[in-house]
Amino acid sequence: MLALNVLDIRRLMAAFLKGTMFDEYLLIEGQIMTFCTFSIDGREEKSFYDGNRDAGADDQGAESGSAGGFSQRDYIRWKAVREHCFDLIKGKRTPLFFKFVFFLPPEEMDALLLKHGLMGMRDQLLGLCLNLRYDGTNLVLTTGSSFRSFTLDRTVDEYWDAYVRNLLVSNNILIEDV
């Protein structure tokens, strides 16, 4: 796990809310506190698009076919809600708090694993997490991984941490280890 303090909050927020740097990431959940608290569940409501307003959450979970009821296919990409979140955050006053939890999209996760010869771990890996948390003053970015079962092997984490660090540095976002 990696924890980074973002020194250039404006640059990261511009990339996050106006740019495309995180657009393909899967939004698991989000919370924004301004004059009230807005909570976002990143699960896509497929019934919204197909007109079937009576479909329940159980129907969607049954279709995912994943162990433990979790499937990355159930989550929306950041680009689908980025503008809505921007509308909540923009203005003269900064938010009191926000947090967002993302997973690297499966196709990018597979590319990362393939690049480092780790595809053998793919069946055990549920996702690579990226968390952004702002407390009104500091913006901290953390990484993590989610496996189906416990493992002492941290190789995937090391490559994921390096990937995130390189992403930020290549976008000229100043960071420091926490």
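Bear in mind that the values here come from a model prediction, so they are computed numbers and not experimental data. (Residues numbered from 1 in each chain as written. Predicted model: local features only at pLDDT ≥ 70, side-chain atom pairs only at ≥ 80, totals over all residues. Heavy atoms only, no water.)

Engineer: Requested: an account of the overall build of the chain, with residues and values cited.
Structural biologist: The number of helices and strands found in the chain is six helices and seven strands. Secondary structure elements in the chain, listed N-terminal to C-terminal, are β-α-β-β-α-α-α-β-α-β-β-α-β. For the chain, the proportion of its 178 residues judged to be buried stands at 39%. Carbon and sulfur atoms form 52% of the exposed surface of the chain, whose accessible area is close to 10,300 Å². (Helix = DSSP H or I, 4+ residues; strand = E, 2+ residues; numbered from the N terminus. Buried < 20%, exposed > 50% of the residue type's maximum accessible area, 1.4 Å probe, protein only. Areas by Shrake-Rupley, 256 points an atom, 1.4 Å probe, with all protein chains shown as cover.)

Engineer: Outline the sheet that holds strand β2 (residues 26–33), listing residues and values.
Structural biologist: Across the sheet, which stays open at both edges, the seven strands sit in the order β3-β2-β4-β5-β6-β1-β7 with antiparallel pairing between neighbours. Two strands in the sheet have a free side with no partner beyond their single neighbour: β3 (37–41) and β7 (175–177). When strand polarity is set aside, the average angle formed by the axes of neighbouring strands in this sheet is 15°. With three bridges joining them, strand β1 (residues 3–6) and β7 adopt antiparallel strand pairing. Its bridge partner being in β7, Asn5 is matched across the sheet by Glu176. Contacts between helix α5 (residues 106–115) and the sheet are confined to β2 and β5 (125–134), with β5 contributing the most and set at about 110° to the helix. (Pairing = 2+ DSSP bridges. Axes fitted to C-alpha atoms, helices over the stretch in contact; angles between N-to-C directions. Contact = heavy atoms within 4.5 Å.)

Engineer: Tell me about the packing of α5 against helix α6 (residues 155–170), and name the residues and values.
Structural biologist: Running from amino to carboxyl end, α5 crosses α6 at an angle of 115°, the nearest separation of the two axes being 11 Å. Considering the angle they form, α5 stands roughly perpendicular to α6. In the packing of α5 onto α6, the handedness of the crossing is right-handed. Between α5, through Glu108, Leu112 and Leu113, and α6, the contact on the second element is made entirely by Val156, Tyr159, Trp160 and Tyr163. Split into classes, the residues belonging to the contact of α5 with α6 amount to six nonpolar, no polar and one charged. (Parallel < 35°, antiparallel > 145°, perpendicular 65-115°, else oblique. Left-handed = near helix turned anticlockwise from the far one by under 90°. Nonpolar A, V, L, I, M, F, W, Y, C, P; charged D, E, K, R; others polar.)

Engineer: Give a detailed account of the nonpolar core, specifying residues and quantitative values.
Structural biologist: Grouped together as the largest cluster of nonpolar side chains are 43 residues, with contacts concentrated most on Trp78 and Phe100. Aside from chain neighbours lying at most four places away, what touches Trp78 is Phe16, Leu17, Phe22, Asp23, Tyr25, Leu27, Cys85, Phe100 and Phe102. Within the second largest apolar cluster, six residues are counted, among which are Leu26, Ile28, Val101 and Phe103. (Core = buried A, V, L, I, M, F, W, Y, C linked by side-chain atoms within 4.5 Å.)

Engineer: With reference to specific residues and values, describe the environment of Leu132.
Structural biologist: On the secondary structure map, Leu132 appears in strand β5. Along the backbone, Leu132 and Phe102 are 30 residues apart, and their C-alpha atoms lie at a distance of 8.5 Å.

Engineer: Can you lay out unusual backbone geometry for me, pointing to particular residues and giving the numbers?
Structural biologist: Its identity as a non-glycine residue notwithstanding, Asn172 has a phi of 55°, on the positive side. Structurally, the position occupied by Asn172 is in the loop between α6 and β7. For Asn172, a relative accessible area of 52% puts it in the exposed group.

Engineer: Explain the pattern of salt bridges residue by residue, including any values.
Structural biologist: It is possible for side chains bearing opposite charge to pair when their charged atoms get close. The tally for this structure, following the rule as stated, stands at 11 salt bridges. Measuring nitrogen to oxygen at the nearest pair gives 2.6 Å for the salt bridge that ties Arg43 to Asp41. Residue Arg122 is joined to Asp110 by a salt bridge in which the shortest nitrogen-to-oxygen separation is 2.4 Å. You can see Arg122 sitting in the loop between α5 and β5 and its partner Asp110 sitting in helix α5, a full 12 residues away along the chain. For Asp110, a relative accessible area of 26% corresponds to the partly exposed category. (Salt bridge = Lys/Arg side-chain N within 4 Å of Asp/Glu carboxyl O.)

Engineer: Any details on the packing of helix α1 (residues 9–17) against helix α4 (residues 82–89)? Residues and values, ideally.
Structural biologist: In the contact formed by α1 and α4, the axes pass within 9 Å of each other and the chain directions differ by 140°. Between α1 and α4, the angle falls in the class oblique. Taking contact as the criterion, the partners of Met13, Phe16 and Leu17 in α1 are, on α4, Arg82, Cys85, Phe86 and Ile89. Taken together, the residues that form the contact of α1 with α4 break down as six nonpolar, no polar and one charged.

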